[in-house]
Amino acid sequence: MPLLNRIQPPGGDGLRPDTASGRITRPPTRRLADGPTAHEQYRELRRHLQSRIIQDLDPNVNVGQDDRLRQEIRRLFDRYLAEEPVALPRDVRERLFEEVVAEIVGFGPLEPLLADESITEILVNGPNQVYIERGGKLIKTSVRFDDDDHVRRIIDRIISPIGRRCDESSPMVDARLPDGSRFNAVIPPISLVGPCMSIRKFPRRRLTMEDLIKFGTLTPQIAEFLRACVLARLNIIVAGGTGSGKTTLLNILSSFIPEDERIITIEDAAELKLHQEHVVTLETRKPNIEGKGAITIRDLVINALRMRPDRIVVGECRGAEALDMLQAMNTGHDGSLTTLHANSPRDALARLETMVMMAGLELPLKAVRDQIASAIDLIIFVERMRDGSRKVTYVTEVQGLEGDTIVLQDIFVFEQLGIDENGRVVGRQKPVGIRPKFIDRIENAGIHLPPEVFGVDRLRPW
(Lines give C-alpha, C1' and ligand atoms only; values in the text may rest on other atoms or scores of the structure.)
Protein backbone atom coordinates (compact mmCIF):
# COMPACT_ATOMS: atom_id res chain seq x y z
CA MET A 1 0.00 0.00 0.00
CA PRO A 2 1.39 3.48 -0.83
CA LEU A 3 1.01 5.05 2.60
CA LEU A 4 2.29 3.04 5.56
CA ASN A 5 0.46 -0.11 4.47
CA ARG A 6 -2.93 1.51 5.01
CA ILE A 7 -4.91 4.71 4.37
CA GLN A 8 -8.18 4.91 6.25
CA PRO A 9 -11.18 6.30 4.37
CA PRO A 10 -12.38 9.72 5.55
CA GLY A 11 -13.65 9.44 9.09
CA GLY A 12 -11.34 6.52 10.03
CA ASP A 13 -9.38 6.79 13.27
CA GLY A 14 -6.15 5.12 12.15
CA LEU A 15 -6.46 2.44 14.91
CA ARG A 16 -6.85 -1.32 14.48
CA PRO A 17 -7.56 -4.33 16.76
CA ASP A 18 -4.80 -6.73 17.77
CA THR A 19 -6.25 -10.16 16.90
CA ALA A 20 -4.02 -11.95 19.43
CA SER A 21 -4.80 -9.89 22.53
CA GLY A 22 -8.06 -8.25 21.51
CA ARG A 23 -6.60 -4.87 22.45
CA ILE A 24 -6.85 -1.79 20.25
CA THR A 25 -3.37 -0.82 19.04
CA ARG A 26 -1.85 1.83 16.81
CA PRO A 27 0.38 0.76 13.92
CA PRO A 28 4.06 1.42 14.57
CA THR A 29 5.26 4.88 13.68
CA ARG A 30 7.80 5.21 10.88
CA ARG A 31 9.13 7.76 8.46
CA LEU A 32 8.00 8.10 4.88
CA ALA A 33 9.97 5.85 2.56
CA ASP A 34 12.99 7.22 0.80
CA GLY A 35 13.30 7.16 -2.96
CA PRO A 36 10.85 7.81 -5.79
CA THR A 37 7.81 6.66 -3.78
CA ALA A 38 8.34 9.29 -1.06
CA HIS A 39 6.62 12.00 -3.08
CA GLU A 40 3.63 9.75 -3.79
CA GLN A 41 3.29 8.87 -0.10
CA TYR A 42 3.54 12.53 0.91
CA ARG A 43 0.94 13.52 -1.65
CA GLU A 44 -1.47 10.79 -0.57
CA LEU A 45 -1.02 11.77 3.07
CA ARG A 46 -1.89 15.37 2.16
CA ARG A 47 -4.97 14.28 0.23
CA HIS A 48 -6.08 12.05 3.08
CA LEU A 49 -5.74 14.79 5.72
CA GLN A 50 -7.36 17.33 3.45
CA SER A 51 -10.37 15.08 2.83
CA ARG A 52 -10.94 14.42 6.53
CA ILE A 53 -10.54 18.09 7.49
CA ILE A 54 -13.02 19.25 4.83
CA GLN A 55 -15.60 16.77 6.10
CA ASP A 56 -15.21 17.83 9.72
CA LEU A 57 -14.82 21.61 9.36
CA ASP A 58 -17.24 23.64 11.44
CA PRO A 59 -19.93 24.84 8.96
CA ASN A 60 -20.30 28.04 10.99
CA VAL A 61 -16.77 29.11 10.04
CA ASN A 62 -16.77 30.82 6.63
CA VAL A 63 -13.87 31.52 4.31
CA GLY A 64 -13.93 35.21 5.17
CA GLN A 65 -12.94 34.50 8.77
CA ASP A 66 -9.28 33.87 7.98
CA ASP A 67 -7.89 33.60 11.52
CA ARG A 68 -10.66 31.45 12.93
CA LEU A 69 -10.70 29.19 9.89
CA ARG A 70 -6.94 28.69 10.07
CA GLN A 71 -7.16 27.85 13.77
CA GLU A 72 -9.88 25.30 13.07
CA ILE A 73 -7.85 23.69 10.28
CA ARG A 74 -4.79 23.60 12.58
CA ARG A 75 -6.78 21.85 15.31
CA LEU A 76 -8.10 19.17 12.94
CA PHE A 77 -4.73 18.83 11.19
CA ASP A 78 -2.86 18.15 14.46
CA ARG A 79 -5.52 15.72 15.57
CA TYR A 80 -5.65 13.65 12.39
CA LEU A 81 -1.89 13.72 11.78
CA ALA A 82 -1.35 12.36 15.29
CA GLU A 83 -3.53 9.39 14.33
CA GLU A 84 -1.35 8.57 11.35
CA PRO A 85 1.58 6.17 11.94
CA VAL A 86 4.12 8.48 10.40
CA ALA A 87 6.90 10.65 11.81
CA LEU A 88 7.51 13.93 10.03
CA PRO A 89 10.29 16.42 10.71
CA ARG A 90 9.02 19.74 12.02
CA ASP A 91 9.74 21.65 8.81
CA VAL A 92 7.98 19.00 6.67
CA ARG A 93 5.03 19.02 9.09
CA GLU A 94 4.66 22.81 8.75
CA ARG A 95 4.99 22.64 4.99
CA LEU A 96 2.30 19.96 4.89
CA PHE A 97 0.00 22.14 7.00
CA GLU A 98 0.47 25.16 4.75
CA GLU A 99 -0.25 23.02 1.68
CA VAL A 100 -3.43 21.68 3.26
CA VAL A 101 -4.57 25.22 4.13
CA ALA A 102 -3.79 26.38 0.58
CA GLU A 103 -5.78 23.50 -0.90
CA ILE A 104 -8.81 24.14 1.32
CA VAL A 105 -9.09 27.93 1.26
CA GLY A 106 -6.54 29.16 -1.29
CA PHE A 107 -5.16 28.35 -4.70
CA GLY A 108 -3.14 25.29 -3.84
CA PRO A 109 0.47 25.17 -5.13
CA LEU A 110 0.09 28.69 -6.50
CA GLU A 111 -0.19 30.28 -3.05
CA PRO A 112 3.56 30.78 -2.38
CA LEU A 113 4.03 32.12 -5.91
CA LEU A 114 1.18 34.59 -5.50
CA ALA A 115 2.63 35.74 -2.18
CA ASP A 116 6.07 36.43 -3.69
CA GLU A 117 5.99 40.07 -4.79
CA SER A 118 9.10 39.67 -6.95
CA ILE A 119 7.13 37.38 -9.30
CA THR A 120 5.22 39.22 -12.03
CA GLU A 121 3.75 36.31 -14.00
CA ILE A 122 2.87 32.67 -13.30
CA LEU A 123 2.55 30.26 -16.23
CA VAL A 124 1.19 26.73 -15.71
CA ASN A 125 1.64 24.33 -18.65
CA GLY A 126 -0.19 21.27 -17.38
CA PRO A 127 0.41 19.74 -13.95
CA ASN A 128 4.17 19.25 -14.25
CA GLN A 129 5.46 22.53 -15.69
CA VAL A 130 5.16 25.81 -13.79
CA TYR A 131 7.15 28.85 -14.90
CA ILE A 132 7.42 32.29 -13.34
CA GLU A 133 8.60 35.65 -14.61
CA ARG A 134 10.97 37.51 -12.33
CA GLY A 135 12.84 40.60 -13.45
CA GLY A 136 11.50 40.15 -16.97
CA LYS A 137 13.00 36.64 -17.30
CA LEU A 138 11.17 33.29 -17.37
CA ILE A 139 12.30 30.72 -14.78
CA LYS A 140 11.12 27.13 -14.41
CA THR A 141 10.08 26.23 -10.85
CA SER A 142 9.87 22.99 -8.91
CA VAL A 143 6.16 23.56 -8.21
CA ARG A 144 3.96 20.68 -9.32
CA PHE A 145 0.27 19.82 -9.33
CA ASP A 146 -0.94 16.30 -8.56
CA ASP A 147 -2.62 15.77 -11.93
CA ASP A 148 -4.87 17.43 -14.51
CA ASP A 149 -7.87 17.32 -12.15
CA HIS A 150 -5.87 19.22 -9.53
CA VAL A 151 -5.22 22.04 -12.03
CA ARG A 152 -8.90 22.05 -13.04
CA ARG A 153 -9.98 22.41 -9.41
CA ILE A 154 -7.80 25.48 -8.97
CA ILE A 155 -9.16 26.98 -12.21
CA ASP A 156 -12.73 26.44 -11.01
CA ARG A 157 -11.93 27.96 -7.62
CA ILE A 158 -10.64 31.12 -9.29
CA ILE A 159 -13.45 31.64 -11.82
CA SER A 160 -16.49 30.46 -9.84
CA PRO A 161 -16.84 33.55 -7.59
CA ILE A 162 -17.12 35.86 -10.61
CA GLY A 163 -19.60 33.72 -12.53
CA ARG A 164 -17.28 32.44 -15.25
CA ARG A 165 -17.04 28.84 -16.41
CA CYS A 166 -14.46 26.69 -18.14
CA ASP A 167 -15.51 23.30 -19.51
CA GLU A 168 -15.44 21.27 -22.71
CA SER A 169 -18.10 23.49 -24.32
CA SER A 170 -16.22 26.67 -23.33
CA PRO A 171 -12.56 25.67 -22.94
CA MET A 172 -11.14 29.22 -22.64
CA VAL A 173 -11.74 31.75 -19.89
CA ASP A 174 -10.54 35.21 -18.88
CA ALA A 175 -10.98 36.23 -15.26
CA ARG A 176 -9.32 38.07 -12.42
CA LEU A 177 -8.05 37.14 -8.98
CA PRO A 178 -9.33 38.91 -5.86
CA ASP A 179 -6.35 41.29 -5.98
CA GLY A 180 -7.10 42.22 -9.59
CA SER A 181 -4.42 40.06 -11.21
CA ARG A 182 -5.24 38.99 -14.76
CA PHE A 183 -6.08 35.30 -15.20
CA ASN A 184 -6.47 33.17 -18.32
CA ALA A 185 -7.01 29.43 -18.61
CA VAL A 186 -7.35 26.94 -21.44
CA ILE A 187 -8.20 23.25 -21.07
CA PRO A 188 -8.46 20.24 -23.38
CA PRO A 189 -9.52 19.70 -26.12
CA ILE A 190 -7.88 22.95 -27.32
CA SER A 191 -4.86 22.44 -25.05
CA LEU A 192 -2.88 19.32 -25.85
CA VAL A 193 -0.68 19.47 -22.73
CA GLY A 194 -3.47 19.50 -20.17
CA PRO A 195 -5.10 22.46 -18.38
CA CYS A 196 -2.99 25.63 -18.64
CA MET A 197 -3.12 28.85 -16.66
CA SER A 198 -1.45 32.22 -16.97
CA ILE A 199 -1.60 34.82 -14.21
CA ARG A 200 -0.30 38.34 -14.69
CA LYS A 201 0.10 39.61 -11.16
CA PHE A 202 -0.73 43.10 -10.08
CA PRO A 203 1.57 44.66 -7.50
CA ARG A 204 -0.04 45.00 -4.08
CA ARG A 205 1.21 48.56 -3.87
CA ARG A 206 -0.22 50.84 -6.51
CA LEU A 207 2.55 51.91 -8.87
CA THR A 208 2.98 55.62 -9.51
CA MET A 209 4.67 57.66 -12.20
CA GLU A 210 7.61 58.08 -9.83
CA ASP A 211 8.02 54.29 -9.81
CA LEU A 212 8.16 54.19 -13.61
CA ILE A 213 10.78 56.93 -13.58
CA LYS A 214 12.80 54.94 -11.05
CA PHE A 215 12.48 51.77 -13.16
CA GLY A 216 13.74 53.68 -16.21
CA THR A 217 10.46 53.21 -18.11
CA LEU A 218 10.32 56.92 -18.87
CA THR A 219 11.98 60.21 -17.94
CA PRO A 220 10.66 63.00 -15.68
CA GLN A 221 10.17 65.16 -18.80
CA ILE A 222 7.98 62.52 -20.47
CA ALA A 223 6.05 62.05 -17.22
CA GLU A 224 5.40 65.79 -16.95
CA PHE A 225 4.25 65.92 -20.57
CA LEU A 226 1.88 62.93 -20.20
CA ARG A 227 0.33 64.38 -17.06
CA ALA A 228 -0.35 67.61 -18.96
CA CYS A 229 -1.92 65.66 -21.84
CA VAL A 230 -4.35 63.85 -19.51
CA LEU A 231 -5.34 67.06 -17.72
CA ALA A 232 -5.86 68.80 -21.10
CA ARG A 233 -8.31 66.02 -22.07
CA LEU A 234 -6.39 64.64 -25.02
CA ASN A 235 -7.46 61.27 -26.45
CA ILE A 236 -4.61 58.85 -25.81
CA ILE A 237 -3.78 55.34 -27.02
CA VAL A 238 -1.23 53.23 -25.14
CA ALA A 239 0.13 50.69 -27.63
CA GLY A 240 2.65 47.88 -27.35
CA GLY A 241 3.18 44.15 -27.38
CA THR A 242 2.04 41.51 -24.91
CA GLY A 243 3.49 42.05 -21.45
CA SER A 244 4.97 45.43 -22.32
CA GLY A 245 3.21 47.24 -19.48
CA LYS A 246 0.29 48.87 -21.34
CA THR A 247 -2.29 48.32 -18.59
CA THR A 248 0.12 49.46 -15.88
CA LEU A 249 0.80 52.70 -17.74
CA LEU A 250 -2.92 53.18 -18.44
CA ASN A 251 -3.62 52.80 -14.72
CA ILE A 252 -1.05 55.46 -13.88
CA LEU A 253 -2.28 57.84 -16.59
CA SER A 254 -5.85 57.51 -15.31
CA SER A 255 -4.67 58.60 -11.86
CA PHE A 256 -4.15 62.10 -13.31
CA ILE A 257 -7.86 62.47 -14.10
CA PRO A 258 -9.34 65.10 -11.74
CA GLU A 259 -11.50 63.92 -8.85
CA ASP A 260 -14.54 65.93 -9.97
CA GLU A 261 -14.95 63.99 -13.24
CA ARG A 262 -17.16 60.94 -13.79
CA ILE A 263 -15.12 58.04 -15.16
CA ILE A 264 -16.51 54.89 -16.79
CA THR A 265 -14.13 51.97 -17.30
CA ILE A 266 -14.89 49.16 -19.75
CA GLU A 267 -12.96 45.88 -19.66
CA ASP A 268 -13.19 42.18 -20.47
CA ALA A 269 -12.01 41.35 -16.95
CA ALA A 270 -11.87 44.30 -14.56
CA GLU A 271 -8.19 45.06 -13.91
CA LEU A 272 -7.98 48.84 -13.72
CA LYS A 273 -7.82 50.24 -10.22
CA LEU A 274 -8.61 53.92 -10.20
CA HIS A 275 -8.23 55.87 -6.98
CA GLN A 276 -10.91 58.44 -7.84
CA GLU A 277 -14.24 58.23 -6.05
CA HIS A 278 -16.61 58.72 -8.98
CA VAL A 279 -15.80 55.61 -11.05
CA VAL A 280 -18.25 53.21 -12.71
CA THR A 281 -16.68 49.87 -13.68
CA LEU A 282 -18.29 47.86 -16.49
CA GLU A 283 -17.27 44.31 -17.39
CA THR A 284 -18.20 42.12 -20.33
CA ARG A 285 -20.22 38.95 -19.90
CA LYS A 286 -19.68 35.67 -21.69
CA PRO A 287 -22.61 33.78 -23.25
CA ASN A 288 -24.42 31.21 -21.12
CA ILE A 289 -24.57 27.49 -21.85
CA GLU A 290 -27.20 28.14 -24.52
CA GLY A 291 -24.94 30.66 -26.21
CA LYS A 292 -27.08 33.63 -25.23
CA GLY A 293 -26.73 36.64 -22.96
CA ALA A 294 -23.28 37.80 -24.08
CA ILE A 295 -22.40 41.45 -23.43
CA THR A 296 -19.47 42.66 -25.54
CA ILE A 297 -17.14 45.63 -25.12
CA ARG A 298 -18.96 47.25 -28.05
CA ASP A 299 -22.26 46.94 -26.19
CA LEU A 300 -20.69 48.53 -23.12
CA VAL A 301 -19.13 51.40 -25.10
CA ILE A 302 -22.49 52.21 -26.66
CA ASN A 303 -24.21 52.03 -23.28
CA ALA A 304 -21.50 54.13 -21.59
CA LEU A 305 -22.42 57.06 -23.85
CA ARG A 306 -25.85 57.10 -22.15
CA MET A 307 -24.34 57.27 -18.67
CA ARG A 308 -23.11 60.88 -18.80
CA PRO A 309 -19.37 60.09 -18.77
CA ASP A 310 -16.67 62.73 -18.49
CA ARG A 311 -14.05 60.14 -19.37
CA ILE A 312 -14.30 56.71 -20.98
CA VAL A 313 -11.43 54.32 -20.28
CA VAL A 314 -11.45 51.14 -22.39
CA GLY A 315 -9.11 48.49 -20.97
CA GLU A 316 -8.23 47.12 -24.40
CA CYS A 317 -9.58 47.85 -27.86
CA ARG A 318 -9.51 44.70 -29.97
CA GLY A 319 -12.57 44.58 -32.24
CA ALA A 320 -15.59 46.35 -33.67
CA GLU A 321 -15.86 48.56 -30.57
CA ALA A 322 -13.09 50.67 -32.13
CA LEU A 323 -15.66 52.41 -34.35
CA ASP A 324 -17.92 53.32 -31.42
CA MET A 325 -14.93 54.47 -29.38
CA LEU A 326 -13.79 56.77 -32.21
CA GLN A 327 -17.33 58.10 -32.54
CA ALA A 328 -17.36 58.88 -28.83
CA MET A 329 -14.02 60.68 -29.05
CA ASN A 330 -15.35 62.73 -31.97
CA THR A 331 -18.63 63.69 -30.31
CA GLY A 332 -17.52 65.55 -27.21
CA HIS A 333 -16.06 62.77 -25.03
CA ASP A 334 -12.53 64.09 -24.97
CA GLY A 335 -9.91 62.69 -22.65
CA SER A 336 -10.64 59.04 -23.42
CA LEU A 337 -7.93 56.42 -22.83
CA THR A 338 -7.43 52.93 -24.23
CA THR A 339 -4.79 50.33 -25.05
CA LEU A 340 -4.22 48.12 -28.06
CA HIS A 341 -1.64 45.64 -29.30
CA ALA A 342 0.71 46.93 -31.97
CA ASN A 343 4.32 46.84 -33.14
CA SER A 344 4.79 50.59 -33.64
CA PRO A 345 2.77 53.83 -33.52
CA ARG A 346 2.08 53.57 -37.26
CA ASP A 347 1.01 49.96 -36.86
CA ALA A 348 -1.37 51.03 -34.07
CA LEU A 349 -3.28 53.19 -36.54
CA ALA A 350 -3.31 50.38 -39.11
CA ARG A 351 -4.81 48.07 -36.50
CA LEU A 352 -7.42 50.68 -35.64
CA GLU A 353 -8.40 50.81 -39.31
CA THR A 354 -8.76 47.03 -39.39
CA MET A 355 -10.85 46.99 -36.22
CA VAL A 356 -13.17 49.68 -37.55
CA MET A 357 -13.71 47.52 -40.64
CA MET A 358 -14.74 44.66 -38.32
CA ALA A 359 -17.85 46.68 -37.40
CA GLY A 360 -19.35 45.54 -40.71
CA LEU A 361 -19.97 48.97 -42.17
CA GLU A 362 -18.66 49.52 -45.68
CA LEU A 363 -16.94 52.82 -44.94
CA PRO A 364 -14.45 54.29 -47.40
CA LEU A 365 -10.89 53.98 -46.16
CA LYS A 366 -10.42 57.75 -46.35
CA ALA A 367 -13.46 58.26 -44.10
CA VAL A 368 -12.05 55.79 -41.57
CA ARG A 369 -8.68 57.51 -41.55
CA ASP A 370 -10.34 60.89 -41.21
CA GLN A 371 -12.20 59.61 -38.13
CA ILE A 372 -8.97 58.27 -36.62
CA ALA A 373 -6.96 61.41 -37.36
CA SER A 374 -9.56 63.69 -35.78
CA ALA A 375 -10.21 61.43 -32.75
CA ILE A 376 -6.72 60.35 -31.63
CA ASP A 377 -4.30 62.98 -30.32
CA LEU A 378 -1.42 60.95 -28.88
CA ILE A 379 0.07 57.46 -29.13
CA ILE A 380 2.35 56.18 -26.37
CA PHE A 381 4.29 53.11 -27.46
CA VAL A 382 5.76 50.90 -24.74
CA GLU A 383 8.09 47.98 -25.35
CA ARG A 384 9.57 45.13 -23.36
CA MET A 385 13.28 45.10 -24.11
CA ARG A 386 15.44 42.00 -24.50
CA ASP A 387 16.67 42.33 -20.89
CA GLY A 388 13.08 42.25 -19.57
CA SER A 389 12.85 45.97 -18.82
CA ARG A 390 9.89 48.03 -20.05
CA LYS A 391 10.45 51.38 -21.73
CA VAL A 392 8.40 54.04 -23.45
CA THR A 393 10.07 54.04 -26.87
CA TYR A 394 7.80 56.51 -28.68
CA VAL A 395 5.52 59.35 -27.69
CA THR A 396 3.90 60.32 -30.98
CA GLU A 397 1.43 63.03 -31.95
CA VAL A 398 -1.31 62.39 -34.51
CA GLN A 399 -1.24 65.65 -36.46
CA GLY A 400 -4.03 65.07 -38.98
CA LEU A 401 -4.73 63.81 -42.46
CA GLU A 402 -2.81 64.86 -45.55
CA GLY A 403 -4.34 63.32 -48.66
CA ASP A 404 -4.95 59.69 -47.70
CA THR A 405 -2.14 59.49 -45.14
CA ILE A 406 -2.34 60.12 -41.41
CA VAL A 407 0.57 62.33 -40.39
CA LEU A 408 2.49 61.29 -37.28
CA GLN A 409 5.16 63.31 -35.49
CA ASP A 410 7.38 61.84 -32.76
CA ILE A 411 7.70 64.02 -29.66
CA PHE A 412 9.99 61.67 -27.66
CA VAL A 413 11.91 58.61 -28.84
CA PHE A 414 14.11 55.99 -27.21
CA GLU A 415 17.59 55.67 -28.69
CA GLN A 416 19.32 52.39 -27.91
CA LEU A 417 23.06 52.79 -27.51
CA GLY A 418 24.01 49.17 -26.90
CA ILE A 419 24.04 46.41 -24.28
CA ASP A 420 26.30 46.40 -21.23
CA GLU A 421 28.31 43.48 -19.86
CA ASN A 422 25.35 42.38 -17.71
CA GLY A 423 23.09 42.07 -20.73
CA ARG A 424 21.09 45.21 -19.89
CA VAL A 425 19.90 47.52 -22.62
CA VAL A 426 21.63 50.90 -22.56
CA GLY A 427 19.94 53.87 -24.14
CA ARG A 428 18.25 57.20 -23.59
CA GLN A 429 14.82 58.70 -24.08
CA LYS A 430 15.15 62.07 -25.69
CA PRO A 431 12.88 64.76 -27.15
CA VAL A 432 13.17 65.30 -30.87
CA GLY A 433 13.11 69.10 -30.47
CA ILE A 434 9.57 69.74 -31.78
CA ARG A 435 6.62 71.01 -29.79
CA PRO A 436 3.28 69.25 -30.52
CA LYS A 437 0.57 71.10 -32.41
CA PHE A 438 -1.84 70.59 -29.50
CA ILE A 439 0.38 72.63 -27.15
CA ASP A 440 -2.31 75.35 -27.27
CA ARG A 441 -4.84 72.94 -25.75
CA ILE A 442 -2.42 72.21 -22.93
CA GLU A 443 -1.85 75.90 -22.28
CA ASN A 444 -5.59 76.63 -22.45
CA ALA A 445 -5.99 74.10 -19.62
CA GLY A 446 -3.76 76.34 -17.49
CA ILE A 447 -0.67 74.13 -17.80
CA HIS A 448 2.67 75.59 -18.82
CA LEU A 449 5.36 73.23 -20.05
CA PRO A 450 8.82 74.80 -20.31
CA PRO A 451 10.43 74.53 -23.77
CA GLU A 452 13.22 72.41 -22.26
CA VAL A 453 10.72 69.53 -21.94
CA PHE A 454 10.66 69.32 -25.74
CA GLY A 455 14.38 69.85 -26.15
CA VAL A 456 14.16 73.41 -27.50
CA ASP A 457 15.91 76.44 -26.02
CA ARG A 458 13.10 78.87 -26.56
CA LEU A 459 9.57 78.99 -27.89
CA ARG A 460 9.53 79.47 -31.61
CA PRO A 461 6.75 79.77 -34.18
CA TRP A 462 5.72 76.76 -36.25
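**Here's the deal with helix α11 (residues 345-357)**
In a regular helix each residue adds 1.5 Å, so 13 residues correspond to 18 Å; α11 covers 19 Å between its end C-alpha atoms and thus fits that length. For α11, the set of buried residues is P345, A348, L349, L352, E353, M355 and V356. In a view along the axis of α11, the buried residues occupy a sector of 165 degrees, so they form one face of it.

**Focus: the packing of helix α10 (residues 321-329) against α11**
For the pair α10 and α11, the least separation of the axes is 6 Å and the interaxial angle reads 105 degrees. If you check the angle between α10 and α11, you find them roughly perpendicular. For the pair α10 and α11, contact is made by A322, L323, M325 and L326 and by L352, M355 and V356, respectively. Looking at the contact of α10 with α11 residue by residue, the classes come out as seven nonpolar, no polar and no charged.

**What to know about the sheet that holds strand β11 (residues 236-240)**
Here we have nine strands laid out as an open sheet, ordered β13-β12-β14-β15-β11-β16-β17-β18-β19, and mixed in their pairing. Where the open sheet ends on each side, the last strands, each with one partner, are β13 (279-283) and β19 (425-431). If you compare each strand with its neighbour and ignore which way they point, the axes differ by 25 degrees on average. Judged from the seven bridges that link them, strand β16 (residues 378-384) and strand β17 (residues 390-402) form a sheet pairing that is antiparallel. Looking across to β17, one finds that V382 is bridged to V392. Contacts from helix α8 (residues 246-254) reach β11, β14 (311-314), β15 (337-341), β16 and β17 within the one sheet, and its direction differs from that of β15 by about 170 degrees.

**Comments concerning the packing of helix α9 (residues 297-304) against α10**
A packed helix pair is summarised by two numbers, namely the angle formed by the two axes and the spacing between the axes. Their axes nearest at 8 Å, the elements α9 and α10 cross at an angle of 20 degrees. In terms of orientation, α9 lies roughly parallel with respect to α10. Like other packed secondary-structure pairs, α9 and α10 cross with a definite hand, here left-handed. Judged by residue contacts, I297, R298, V301 and I302 of α9 engage E321, L323, D324 and M325 from α10.

**Considerations on the packing of aromatic side chains**
Inspection of the entire model under this criterion finds five aromatic pairs. Ring centres of F225 and F454 lie 5.6 Å apart, and the angle between their planes is 85 degrees; on these two criteria the pair is classed as edge-to-face. A residue pair is termed long-range when its members are at least 10 positions apart, and F225 in helix α7 (residues 220-231) and F454 in the segment after α13 (439-444) qualify at 229 residues. Pair check on accessibility: F225 and F454 agree, each one buried. We note R52 situated over the ring of Y80; from NZ or CZ to the ring centre the distance is 4.0 Å.

**A word on the sheet that holds strand β10 (residues 196-200)**
Two modes of strand pairing occur in sheets, parallel and antiparallel, and in both the strands are linked by backbone hydrogen bonds. One open sheet accounts for six strands, arranged β7-β6-β5-β10-β9-β8; its pairing is antiparallel. Edge positions in the open sheet fall to β7 (137-140) and β8 (172-176), since each of these has one partner strand only. Across the sheet, the mean angle from the axis of one strand to that of its neighbour is 15 degrees, orientation sign disregarded. Strand direction decides the pairing type here: strand β6 (residues 130-134) and β7, joined by four bridges, are antiparallel.

**Here we look at unusual backbone geometry**
The residue after P188, namely P189, is reached through a cis peptide bond having omega 15 degrees. Relative to the elements of secondary structure, P189 occurs in the loop between β9 (182-186) and β10. Even without glycine at this site, R233 takes up a positive phi of about 60 degrees. Assignment of secondary structure puts R233 in the loop between α7 and β11. Classification of R233 by relative accessible area gives partly exposed; the value is 23%. Although it is not a glycine, R308 sits at a positive phi angle of roughly 55 degrees. Checked against the element boundaries, R308 lands in the loop between α9 and β14.

**Quick notes on the pairing of β16**
Residues in a regular strand point their side chains to alternate faces of the sheet. With five of seven residues buried, β16 lies mostly within the body of the structure. Here five bridges tie β11 to β16, and the two strands are oriented parallel to one another. Across the sheet, G240 pairs through a bridge with V382, a residue of β16. Hairpin connection of β16 to β17: five residues between the antiparallel strands, including G388 at a positive phi of 95 degrees.

**Section: the pairing of β10**
As paired strands, strand β5 (residues 119-125) and β10 are joined by five bridges and run antiparallel to one another. Note that in β10 the partner of E121 across the bridge is R200. The sheet contact formed by β9 and β10 spans five bridges and is antiparallel. Its bridge partner being in β10, N184 is matched across the sheet by S198.

**A look at the side chain of D324**
Mapping D324 onto the fold places it in helix α10. For D324, a relative accessible area of 13% gives the class buried. Dropping the residues within four chain positions of it, D324 is found in contact with R298, V301 and I302.

**With respect to α10**
Most of α10 is tucked away: eight of the nine residues are buried. E321, A322, L323, D324, M325, L326, A328 and M329 are the residues of α10 that are buried. On its buried face, α10 sits against α9, β14, β15, α11 and α12 (365-375).

**Things to note about the pattern of salt bridges**
Applying the stated rule across the entire model yields 29 salt bridges. With its nearest N and O atoms 3.7 Å apart, the salt bridge here joins R46 to E99. With R46 in helix α1 (residues 37-56) and E99 in helix α3 (residues 90-105), this residue pair connects regions lying 53 residues apart in the sequence. Relative accessible area serves as the criterion here: at 8%, R46 is assigned to the buried category. When salt bridges with common partners are traced through the structure, they connect R46, R47, R95, E99, D146 and D147 into a single cluster.

About the criteria used
- Residues numbered from 1 in each chain as written.
- Predicted model: local features only at pLDDT ≥ 70, side-chain atom pairs only at ≥ 80, totals over all residues.
- Heavy atoms only, no water.
- Helix = DSSP H or I, 4+ residues; strand = E, 2+ residues; numbered from the N terminus.
- Expected span 1.5 Å × (residues − 1).
- Buried < 20%, exposed > 50% of the residue type's maximum accessible area, 1.4 Å probe, protein only.
- Arc of directions from axis to C-beta.
- Axes fitted to C-alpha atoms, helices over the stretch in contact; angles between N-to-C directions.
- Parallel < 35°, antiparallel > 145°, perpendicular 65-115°, else oblique.
- Contact = heavy atoms within 4.5 Å.
- Nonpolar A, V, L, I, M, F, W, Y, C, P; charged D, E, K, R; others polar.
- Pairing = 2+ DSSP bridges.
- Left-handed = near helix turned anticlockwise from the far one by under 90°.
- Phe/Tyr/Trp six-rings, centres within 6.5 Å; stacked < 30°, edge-to-face > 60°.
- Lys NZ or Arg CZ within 6 Å of the ring centre and 35° of its normal.
- Salt bridge = Lys/Arg side-chain N within 4 Å of Asp/Glu carboxyl O.

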